[in-house]
Amino acid sequence: MSLFRALKKTCSVIKKSLFSRETTEAVRMETTKINMSRVPLVNGGIDTAMLKAHKPRVMSKSGHSNVRIDKVDGIYLLYLQDLWTTVIDMKWRYKLTLFAATFVMTWFLFGVIYYAIAFLHGDLEINKFTPKHEPCVKNVDSLTGAFLFSLESQTTIGYGFRFITEECPHAIFLLVAQLVITTLIEIFITGTFLAKIARPKKRAETIKFSHCAVITKHNGELCLVIRVANMRKSLLIQCQLSGKLLQTYETKEGERILLNQASVKFNVDSSSESPFLILPLTFYHILDESSPLRDLTPQNLKEKDFELVVLLNATVESTSAVCQSRTSYIPEEIHWGYEFVPVVSLSPNGKYVADFSQFEKIRRSTDSIFYSMDSEKQKLEEKYRQEDQRERELRTMLLQQSNV
């Protein structure tokens, strides 16, 4: 009887423990729900800054590539073969270090050679000088003096205290070689400085893309929409905007392509293929049967795994240099059923004003037809797509078995 009571007491303790755990989990889940419900809606839509994408990106939002080149044989030799591009692509801190180190190294290297010439000619043996002894370089009797003579010769300072004589022809030849070699080095480094400063890369940074994209109705068509603006008054000529859809693709033979590229065509409300980018413009991609994004629905948008890279190529009016600005969008940054808030207005004094405080703002689409889409039709289309995917996988499996 006492054993039965002990078992009963143990069971009651276990039940209480399980109940307390379930209560704790329920409270924790409820707290999570409350916290998620309190996430603020920014700009009349979804706060895209709070959507942290955990998926890897090929292109960052700022347009920098996230692809790392690894395990390449002789990569440093390849960089040295294209030394001009290598030096231009250097960061400024490394470039300035190379600039200073080049001068100091050439001064010291030729100073050591002048010191060796003086040593071999006997110019350093001051006590053994005869009245008729003529040194190769006057007043160079130490390594410091040879370094100062090399510096003064290369920079054409010419203080007059140290100077070369006619006694040593090889010292004269070395002086000529130093001036020619260092002049070529200075031309190369100065040219890379000018090329790096004049690159249109900085001009491309003044082209602004909207942080998010939206899917809405435009002229009766379902479109993916992005917004682009030129932040300078100087114009961009021959603007061309295009897109590349990067996603995993499996061929009929079962080959898995990790980053398959599909072209995405963008249009703008303009009669010309090169839009006049003086005001912020919205570019549209029609989601029709020819679009690589034709399978998108409100239900599966966030579940998709793709990246849309957008590229804008243009010619800078002031320099005639071609620049390219890039960005990318992942499914978490594409909002279904939203539209951009207008940014262009007319001021009282008759001037057009672009209000960039409204540039990133989105709002719910006002098209009622857009929200009354037939859900049964969407479910049926999704069912057909799943069946087609299963048939494709079955064909791939049978093909692999037949090859074996």
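J.: I would appreciate a short explanation of the overall build of the chain in the present structure.
T.: Helix and strand counts for the chain come out as nine helices and 13 strands. Split into buried and exposed, the 404 residues of the chain put 31% on the buried side. Put simply, of all contacts in the chain between residues at least 6 apart along the chain, 65% involve residues at least 24 apart. A total accessible area of about 27,100 Å² is found for the chain, and carbon and sulfur atoms account for 60% of it.

J.: Looking at this model, I keep getting lost on helix α4 (residues 92-121). Mind explaining?
T.: The α-helix advances 3.6 residues per turn, and as a result positions three or four apart in sequence lie on the same side. Relative to the 44 Å expected for 30 residues at 1.5 Å per residue, α4 spans 44 Å between its end C-alpha atoms, a close match to the ideal helical length. The complete set of buried residues in α4 reads K95, T102, F103, T106, W107, F110, G111, Y114, I117 and A118. Considering only its buried residues, α4 is in contact with α3 (83-88), α5 (143-154) and α6 (169-197). Of the residues trailing α4, G122 is marked for its positive phi of about 85°.

J.: Help me understand the sheet that holds strand β5 (residues 256-265), please; the structure alone is not making it clear to me.
T.: Strand-to-strand pairing in sheets goes through backbone hydrogen bonds, with the strands running parallel or antiparallel. Read from one edge to the other, the open sheet built from four strands follows the order β5-β4-β7-β8, with strand pairing classed as antiparallel. The open sheet has two edge strands, β5 and β8 (322-329), and neither has a second partner. On average, adjacent strands in this sheet sit at an angle of 25° to one another, irrespective of strand direction. Relative to strand β7 (residues 306-316), strand β4 (residues 236-250) runs antiparallel, the two sharing ten bridges. If you follow L246 over to β7, its bridge partner there is E307.

J.: Can you help me understand the state of the cysteines in this one?
T.: For the structure on display, the rule yields one disulfide. What pairs with C136 in a disulfide is C168, and their sulfur atoms sit 1.6 Å apart. Across the S-S bond of C136 and C168 the torsion is about -55°, and the bridge reads as left-handed. In this pair, C136 is assigned in the loop between α4 and α5 and C168 in the loop between α5 and α6, connecting sequence segments 32 residues apart. One exposure class covers both C136 and C168, and it is buried. Left unpaired, C323 is separated from the closest cysteine sulfur, that of C239, by 8.0 Å.

J.: Please clarify how the pattern of salt bridges should be interpreted in this entry.
T.: For side chains of opposite charge, pairing can occur when their charged atoms come near one another. Counted under the stated rule, the structure contains six salt bridges. With a shortest N-O distance of 3.4 Å, E333 and K61 are connected by a salt bridge. Placement of the pair is E333 in the loop between β8 and β9 (334-336) and K61 in the loop between α1 (2-37) and α2 (75-81), with a sequence separation of 272 residues. One salt bridge connects R68 with D70, and the closest N-O pair in it is separated by 3.6 Å. Judged by relative accessible area, which is 69%, R68 ranks as exposed. The exposure class of D70 is partly exposed, given its relative accessible area of 46%. Put simply, R57, K61 and E333 are held in one network by salt bridges that share partners.

J.: Any chance you could explain the nonpolar core here in plain terms?
T.: One recurring pattern in soluble globular proteins: nonpolar side chains tend to sit buried together. Membership of the largest hydrophobic core comes to 34 residues, with the highest contact counts inside it found for L224, I226, V228, L241 and F266. Broken down by element, this core gets its largest block of residues, six residues, from β7. Every residue in contact with V228, bar those within four places of it in the chain, is listed here: I207, K208, F209, L241, L277, L279, P280, L281, F283, L312 and F359. Membership of the second largest hydrophobic core comes to twelve residues, among which are I117, C136, V137 and C168.

J.: It is not clear to me how α6 should be interpreted in this structure. Could you clarify?
T.: For α6, with 29 residues, the first-to-last C-alpha span of 42 Å sits near the 42 Å given by 1.5 Å per residue. When α6 is considered as a whole, its buried residues turn out to be A171, L174, L175, Q178, T182, I189, T192, F193 and K196. As for α6, its buried residues are in contact with α3, α4 and α5.

J.: Looking at this model, I keep getting lost on the side chain of R57. Mind explaining?
T.: By the secondary structure assignment, R57 is in the loop between α1 and α2. Only 3.5 Å separates the side chain of R57 from the backbone oxygen of M59, close enough to count as a polar contact. Here E333 takes part through its side chain, which lies 2.9 Å from a polar atom of the side chain of R57. Residue contacts for R57: discarding those within four places in its chain leaves N66, E307, S328, Y329, I330 and E333.

J.: Sorry if this is basic, but what is going on with the pairing of β7 here?
T.: It is a general feature of regular strands that their side chains alternate between the two faces of the sheet. Counting buried positions over the eleven residues of β7 gives ten, a clear majority of the element. Pairing of β7 with β8 involves eight bridges; the strand directions are antiparallel. Opposite L308, over in β8, you have Y329 as the bridge partner. In textbook terms, the turn of a hairpin is the stretch between consecutive antiparallel strands, and for β7 and β8 this stretch comprises five residues, one of which, S320, has a positive phi near 60°.

J.: Whenever I open this one, unusual backbone geometry confuses me. Can you help?
T.: Generally, phi is negative for residues other than glycine and the peptide bonds are trans, each holding for most cases. Of note in this structure, K71 is not a glycine but carries a positive phi near 55°. With respect to the helices and strands, the residue K71 is situated in the loop between α1 and α2. The class for K71 is exposed, based on a relative accessible area of 78%. Even without being glycine, Q238 reaches a positive phi, approximately 55°. Using a relative accessible area of 55% as the deciding quantity, one classes Q238 as exposed.

J.: Whenever I open this one, a negative patch on the surface confuses me. Can you help?
T.: On the surface, E221, D288, E289 and D295 cluster together into a patch of negative charge. Position of E289 relative to the elements: it lies in the loop between β6 (281-286) and β7. Assessed through its relative accessible area of 70%, E289 is described here as exposed.

J.: Even after reading the chapter, I still don't get the environment of E166, so can you show me in this structure?
T.: Checked against the element boundaries, E166 lands in the loop between α5 and α6. E166 gets classed as exposed once you look at its relative accessible area, which sits at 76%.

Quick notes on the rules
Residue positions are given per chain, counting from 1 as you read along its sequence in written order. It should be noted that, the model being predicted, local features are given only for residues of pLDDT at least 70 and side-chain atom pairs only at 80 or more, the latter also being counted only at that level, while totals for whole chains, interfaces and linings use all residues. As a convention, hydrogens and water are excluded, and side-chain values are obtained from all of the structure's heavy atoms. Strands are runs of DSSP state E lasting at least 2 residues, helices are runs of H or I lasting at least 4, and numbering of each runs from the N terminus. Burial here depends on accessible area, computed with a 1.4 Å probe over protein chains only, as a share of the maximum for the residue type. Under 20% is buried, over 50% is exposed, and the range in between is partly exposed. When checking whether two residues touch, look at their non-hydrogen atoms; a contact exists if any pair is within 4.5 Å. For the accessible areas, the method is Shrake-Rupley and the probe is 1.4 Å, while residue cover comes only from the protein chains on display. Take the residue count of a helix, subtract one, and multiply by 1.5 Å to get its expected span. Only when DSSP finds a minimum of two bridges between them are two strands counted as paired. Think of each axis as a best-fit line through the C-alpha atoms, taken over the contacting stretch in the case of a helix, with angles from 0 to 180 degrees between the N-to-C directions. Disulfide: a pair of cysteine sulfur atoms within 2.5 Å of each other. What counts as a salt bridge is simple: a side-chain nitrogen of Lys or Arg found within 4 Å of a carboxyl oxygen of Asp or Glu. Note on terminology: a nonpolar core comprises buried Ala, Val, Leu, Ile, Met, Phe, Trp, Tyr and Cys residues joined through side-chain atoms within 4.5 Å. Between N or O atoms, a polar contact is any pair within 3.5 Å; within protein, one atom must be a potential hydrogen donor and the other a potential acceptor, and residues adjacent in sequence are included only when both atoms are from side chains. Put simply, a patch holds well-exposed residues, over 30% relative accessible area, that have no salt bridge, with like charges counted together within 9 Å and Val, Leu, Ile, Met, Phe, Trp or Tyr side chains within 5 Å. As used throughout, the charge tally considers Lys and Arg to be positive and Asp and Glu to be negative, leaving His and the chain termini uncounted. Working definition for charges: the position is that of NZ of Lys, CZ of Arg, CG of Asp or CD of Glu.

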